Amino acid sequence: MAYNLEEISNRFQLEGTVATVQPLGEGFINDTFIIRLKEPAAPRYILQRKNKNIFTDIPAMMQNIKMVTDHLKMKIERRGGDPLRESLTIIPAKDGKLYYKTDDGEYWAVCLFIDDTIAYNGADTPELAYQGGKGIGQFQSMLADFQGKLADILPGFHNIRFRFDQWDEAVKNNAAGRVAGLQEEIAWIESRRSEMLKFWELVESGKIPTRVTHNDTKINNILFDKSGNVLCVIDLDTVLGSTCLNDFGDAIRSYTNTGAEDDRDLNKVSMSMDMFQGYTAGYLSQTASFLNDYEKEYLAFSAKYITYEQVLRFLMDYINGDTYYKIKYPEHNLVRTHAQYKLLCSMEEQFGAMQKVVEQELEKLKA
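Figured I'd write up the structure that's included with this text.

1. With respect to the overall build of the protein chain
A count of helical and extended segments in the protein chain gives 13 helices and 10 strands. Radius of gyration (C-alpha) of the protein chain: 21 Å, near the 21 Å computed for a compact globule of 367 residues. Along the first, second and third principal axes, the C-alpha atoms of the protein chain reach 60 × 55 × 40 Å. Counting all 367 residues of the protein chain, 54% fall into the buried class. Taking the intrachain contacts of the protein chain between residues at least 6 apart in sequence as the baseline, contacts between residues at least 24 apart amount to 72%. Summing over all exposed atoms, the protein chain offers an accessible surface of approximately 17,000 Å²; the carbon and sulfur share of this is 48%.

Given below as structure tokens:
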């Protein structure tokens, strides 16, 4: 359906008159546009149509973002920073809501565009990995004393007990008739079940606490200033209450992979220790002061946990007949499964060294 983007934009509290609304980026989840106003000195804005298929309670999602950004802005103001540049700023609709809902049930939201920034599509050096770790660590650190209650907008997200329930059902139902040919891959999942549940029990018991987490830790969700310093973490749609180890583990899964997530050549896939050390050093430089002993102990393990979960999810989708992830060819999810499993094995082989890096970085910060 074609939308009148100018009319939708005018539903929000903009500081001027809309001149143009143009597409911005590739929009894998949301449809994103940039709003330019006619007034020369007026700010620019980001307009997004939120994906209601992934985010089933967008009003709750927007309220989460508002609560988190309000807390961040309070912290930024206290330290003498610029809350309009160092935190995402939601622009309300003219009726005061944090979104505008069209007659066909689509949700739209607007935030301030942050000018004069640098963004990276990926991290290819330990130095850039350090900055990525620092950015997410800083985000978590500023929210470590957050007292609000965030809505669970992605039920079961990174909850391995929930995933095992889905997994058991998938294997039992064998919807695509593929289980018989996957006995080796299924054994990969089953052989690590108890280890993963043991970790999750620490989360369930509260020994590993629930904190505010970002849950999409790609480096292109961190904006840098012109000097290369971390400025702001953006794309807060997935913000919720979880263990901060999930953010760390998922970042390590993506930052350190020497191959592609769906690499057919498994010889290319491994975990780079240099990238692991860079990210870990940056992350702990911001978080060591508030992480408890369990979080520090299981920091390296979280990379195995999240990578294992992804192996399970790719294989489960293949068993189900490819109903969740978009595929480019019939075996795509199986190829993803094998590539992620190779990454997991590389992490397992280097796990002692990973733990040593964490210990060394913590010792450096004590000195």
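2. Details of unusual backbone geometry
With a phi close to 60 degrees, His158 is a non-glycine residue in the positive phi region. Along the chain, His158 falls in the loop between α4 (126–142) and α5 (160–173). Looking at His158, the relative accessible area reads 7%, which means it is buried. The phi dihedral of Asn174 is positive, around 50 degrees, even though this residue is not glycine. Of note, Asn174 is situated in the loop between α5 and α6 (183–190).

3. Regarding the layout of surface pockets
Sizing a probe to match a water molecule and rolling it over the atoms shows the empty space that remains. Of the volumes computed, that of the second largest pocket is approximately 510 Å³. Lining the second largest pocket are 22 residues, with Thr210, Arg211, Leu240, Gly241 and Ser242 sitting closest to its centre. When residues of the lining of the second largest pocket are traced back to their parent elements, those giving at least two are α7 (193–205), β7 (211–213) and β10 (240–242). A breakdown of the residues in the lining of the second largest pocket according to their chemical character gives 11 nonpolar, seven polar and four charged.

4. Looking at empty space enclosed by the protein
One pass over the full model with this rule turns up two cavities of 30 Å³ or more. Taken as a whole, the largest cavity holds about 90 Å³ of empty space. Looking at the largest cavity, the residues that line it are Leu72, Ile76, Glu86, Gly135, Gln138, Phe139, Met142, Val230, Leu231, Cys232 and Val233. Elements with a contribution of two residues or more to the lining of the largest cavity: α2 (58–78), α4 and β9 (230–233). Tallied by class, residues from the lining of the largest cavity come to eight nonpolar, two polar and one charged. Every residue along the wall of the second largest cavity is listed here: Gln140, Leu143, Ala144, Arg211, Val212, Cys244 and Phe290. For the lining of the second largest cavity, the class distribution of residues is five nonpolar, one polar and one charged.

5. Some details on the pattern of salt bridges
What the rule picks out here adds up to 21 salt bridges. With a shortest N-O distance of 2.9 Å, Asp237 and Lys50 are connected by a salt bridge. Note that Asp237 is positioned in the loop between β9 and β10 and Lys50 in strand β3 (residues 45–50), a separation of 187 residues in sequence. Here Asp237 falls in the buried class, since its relative accessible area comes to 4%. By relative accessible area, Lys50 is classed as buried at 5%. Glu348 is the salt-bridge partner of Arg192, the closest N and O atoms lying 2.7 Å from each other. On the criterion of sequence distance, the pair formed by Arg192 in the loop between α6 and α7 and Glu348 in helix α12 (residues 332–349) is long-range, its members being 156 residues apart. Judged by its relative accessible area of 27%, Glu348 is partly exposed. A single salt-bridge network, built from bridges that share partners, covers Asp168, Glu190 and Arg193.

6. Brief notes about the nonpolar core
Core analysis: the biggest nonpolar cluster contains 99 residues, and Met62, Trp167, Phe199, Phe276, Tyr279, Tyr283 and Met354 have the highest contact counts within it. With 13 residues, helix α11 (residues 299–320) is the largest single contributor of residues to this core. Ignoring anything within four residues of it in the chain, the contact list for Trp167 reads Ile186, Ile189, Glu190, Arg193, Leu312, Leu315, Met316 and Ile319. Among the nonpolar cores identified, the runner-up in size contains 19 residues, and Ile8, Phe33, Ile35 and Ile91 belong to it.

So, how was this worked out
Residues numbered from 1 in each chain as written. Predicted model: local features only at pLDDT ≥ 70, side-chain atom pairs only at ≥ 80, totals over all residues. Heavy atoms only, no water. Helix = DSSP H or I, 4+ residues; strand = E, 2+ residues; numbered from the N terminus. Rg over C-alpha atoms; globule rule 2.2 N^0.38 Å. Buried < 20%, exposed > 50% of the residue type's maximum accessible area, 1.4 Å probe, protein only. Contact = heavy atoms within 4.5 Å. Areas by Shrake-Rupley, 256 points an atom, 1.4 Å probe, with all protein chains shown as cover. 1 Å grid on protein atoms, 1.4 Å probe; cavity = no way out; pocket = protein on both sides within 12 Å on 5 of 7 lines; lining within 4 Å. Points joined across faces, edges and corners; volume = space filled by probe spheres on them. Nonpolar A, V, L, I, M, F, W, Y, C, P; charged D, E, K, R; others polar. Salt bridge = Lys/Arg side-chain N within 4 Å of Asp/Glu carboxyl O. Core = buried A, V, L, I, M, F, W, Y, C linked by side-chain atoms within 4.5 Å.

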